Amino acid sequence: MRTSAPTVRGLLCLLLPSLLVLGLVVLGPGTAPASAAACLPAGGRPAVDGPPPAGADVVLHGHGFGHGLGMSQYGALGAARQGCTAEQILTTYYRGLGVAERPTHHRVLIDMLTDGGSGGWTALTAAGGPVTWRSTTGTAVTAVQPRGETWAVRRTSAHGLVLRAGTGTSATVVVTLGPGGQVRAAHDGVAVQVRTWGSNGTLRLDRRTDRGHTRVSGDGKGLDVRLVMEDGSRGQAVQQYLKGLTEMPVTWPQAAQEAQVVAARTYLLGRFSTAESGYLVLPTPTHQSWTGLAQEETDRSRGGVLARAVDATTASGSTGGDVVVTSGGAVARDLLYTSSHGGWSESNAYVYGTPAVAHLGPVDDSAWDEASGNPRRTWTVGATWEQLARAFGFGTVTAVSVGPQGSAARDAVRVTGTVGGAVTTRSFSGWDSRQRLQGVLGPAVASPGFTIGTVGQEEPDGGAGAGGAVPLSADVDGDGRVDVGWFRDGVWSLRLGTGEVRTFSFGKRGDVP
């Protein structure tokens, strides 16, 4: 699931004080010792919202970056700085779940290209030494790619594939295979660069690795390109994969790294592909950010904290590692994590409008977030009523509201206004609202973790305009157009055709307009 460092995870696209699970273990020996008393509480230090910007009708007071679900990476950083273990971090963010060792499959496949279309192709540069290619279908062909050379595989007009000793279409052909053909480049221990291009000719992915092999298959839908790691002398496939994960800066404390590794391993276990007989995962924030050898080199240059975190949570001498589990012992699903919350994690029911998942509920992490120095702890964005109307697809917007963070009332963003001249109220999920608002207000709307108020009159119930008010529509100024507004406790506010808002008092609390 990403997005700046650390990233958001993607949606799309996945966890704790349950000590009843058989086999629950404390994370490995690399975890910094800390008692429960040493780990300071996660919450209780709410951030102070900033002032509203000039010229705005409505202000969004926001917190955090990303989708706002599950573990906060900055929260994990703050917790580790305060002496918390990885298990304490995970069990705080994923309530009702635990941590236990579970077996892992022997193969991980990095999806560099799927169904590449007629124009999709891939190039492999043998940067660290010679690479051996073998065709695994048709007549067996073996060829050695010299160090420093770049070879390419493209789709043929017959929906097969052709391997050339170069990137140009005039380069020497090494092997041509029909539909369903497959070639493999063995490079375990040899650094290579693998790049893929989509059918529109744009670069799709660019990664370096020195593990396993690269597999290229061809059929009527184009090329499939996979970086394949398997259990062997260099460790478990899952262990190899996790050491190239780019989800958290390698300079952060080991306890935070271990929490990230366990969450990432758990997410990976949910990506098993029967067709591939292994875990199939994109190396991007859509699933999990992975840069392979580049990250391993960075980690080694900074002391190897990530590698130690992976080894500390990997079962020694067996094919398994620490994951997040349910009270019944099953590997947890829907294990999402994000860059930061800035005070409160959100529920999936609010963010995506999906049925509530117990371990993806609101958690106050404001104290941990404060200790992390999170640069997105708070943000403030102003909007006019006209901008809100554009964002949500209304002719005119008179009110917008959302429940306070951490409250049961926070289930959707509600917008009232006119659509086709009729007064309408519609509900939007938090993520949909964030995407719509970003489209008009820009990337400053960094997460669904916002509250809304009218500039100069903040609404205690989390709304602007019609928070607890009654929407109105009438031709007030006699220009033949319907004017919209709201009534609240004896105060009338009406937006005229000129855009001017007229406010006056008539009536009292409890009156019905």
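What to know about the overall build of the protein chain
- Along the backbone of the protein chain there are 10 helices and 29 strands.
- Counting only residues that meet the buried cut, the protein chain has 55% of its 513 residues in that class.
- Of the roughly 20,100 Å² of accessible surface on the protein chain, 53% is carried by carbon and sulfur atoms.

Here we look at the sheet that holds strand β14 (residues 213-219)
- Ordered by their spatial adjacency, 8 strands build an open sheet running β7-β6-β11-β14-β15-β4-β17-β16, and the pairing between neighbours is mixed. Taken across any chain shown, the strands that pair with only one partner, and hence form the sheet edges, are β7 (142-145) and β16 (272-273).
- Contacts from helix α4 (residues 254-269) reach β4 (107-113), β16 and β17 (278-281) within the one sheet, and its direction differs from that of β17 by about 105°.

Focus: the side chain of N348
- Mapped onto the fold, N348 is located in helix α7 (residues 348-352).
- With residues near it in sequence (within four places) discarded, N348 still touches L69, G353, T354, P355, A356, V357 and L360.

Topic: the state of the cysteines
- Summed over all chains, the structure comprises 1 disulfide.
- Covalent S-S linkage joins C39 and C84, the inter-sulfur distance amounting to 2.0 Å. Because the sign of the S-S torsion sets the handedness, a value of about 90° for the bond joining C39 and C84 places this disulfide among the right-handed ones. Taken together, the positions of C39 in the segment before β1 (58-62) and C84 in the loop between α1 (73-81) and α2 (86-93) put the pair 45 residues apart, joining distant regions of the chain.

Focus: the sheet that holds β1
- What the 3 strands build is an open sheet, ordered β20-β1-β24; its pairing is antiparallel. Edge positions in the sheet fall to β20 (379-383) and β24 (450-454), since each of these pairs with one other strand and no more. Each strand axis lies, on average, 20° off the axis of its neighbour in the sheet, ignoring direction.
- In the packing of helix α9 (residues 385-392) onto the sheet, the strands contacted are β1 and β20, and the crossing angle to β20 comes to about 95°.

Let's talk about the packing of α4 against helix α6 (residues 305-312)
- Viewed as axis vectors pointing N to C, α4 and α6 meet at an angle of 55°, and their least axial separation amounts to 9 Å. It follows that α4 is oblique to α6 by the angle criterion. Crossing geometry of α4 relative to α6 is assigned as right-handed. Within the contact between the two elements, α4 uses Q254, Q257, E258, V261 and R265 and α6 uses V305, L306, R308, A309, V310 and A312.
- Considering only residue class, the contact of α4 with α6 consists of 6 nonpolar, 2 polar and 3 charged.

Some thoughts on the pattern of salt bridges
- According to the stated counting rule, one finds 14 salt bridges in the structure shown.
- In this structure, E370 engages R45 in a salt bridge whose closest nitrogen and oxygen atoms are separated by 3.1 Å. Residue E370 is located in helix α8 (residues 366-372), and its partner R45 is located in the segment before β1; the two are separated by 325 residues in the primary sequence.
- In this structure E370 comes out as partly exposed when scored by relative accessible area, which is 37%.
- Across the pair R234 and D210 runs a salt bridge whose closest N-O atoms are separated by 3.6 Å. Note that R234 is positioned in the loop between β15 (222-230) and α3 (237-242) and D210 in the loop between β13 (203-209) and β14, a separation of 24 residues in sequence.

What about the pairing of strand β6 (residues 131-135)?
- Of the two faces of β6, the one holding V131, W133 and S135 is buried and the one holding T132 and R134 is not buried anywhere.
- Connecting the antiparallel pair β6 and β7 is a turn made up of 6 residues, with G138 showing a positive phi of about 65°.
- As paired strands, β6 and strand β11 (residues 182-186) are joined by 4 bridges and run antiparallel to one another. Across the sheet, the residue bridging to W133 is A185, located in β11.

Notes on the side chain of R215
- Relative to the elements of secondary structure, R215 occurs in strand β14.
- At 2.9 Å, the side chain of R215 and the side chain of E276 are in polar contact.

Some words on the pairing of β15
- When you tally the buried positions in β15, you get 8 out of 9 residues, the bulk of the element.
- Pairing of β4 with β15 involves 6 bridges; the strand directions are antiparallel. Bridging across to β15, L113 finds its partner in V225.
- Inspection of the sheet shows β14 paired to β15 by 7 bridges, in the antiparallel sense. Bridge pairing links V216 to V225 in β15.
- In textbook terms, the turn of a hairpin is the stretch between consecutive antiparallel strands, and for β14 and β15 this stretch comprises 2 residues.

The rules we used
Residues numbered from 1 in each chain as written. Predicted model: local features only at pLDDT ≥ 70, side-chain atom pairs only at ≥ 80, totals over all residues. Heavy atoms only, no water. Helix = DSSP H or I, 4+ residues; strand = E, 2+ residues; numbered from the N terminus. Buried < 20%, exposed > 50% of the residue type's maximum accessible area, 1.4 Å probe, protein only. Areas by Shrake-Rupley, 256 points an atom, 1.4 Å probe, with all protein chains shown as cover. Pairing = 2+ DSSP bridges. Contact = heavy atoms within 4.5 Å. Axes fitted to C-alpha atoms, helices over the stretch in contact; angles between N-to-C directions. Disulfide = S-S within 2.5 Å. Parallel < 35°, antiparallel > 145°, perpendicular 65-115°, else oblique. Left-handed = near helix turned anticlockwise from the far one by under 90°. Nonpolar A, V, L, I, M, F, W, Y, C, P; charged D, E, K, R; others polar. Salt bridge = Lys/Arg side-chain N within 4 Å of Asp/Glu carboxyl O. Polar contact = N/O pair within 3.5 Å; in protein donor to acceptor, adjacent residues only side chain to side chain.

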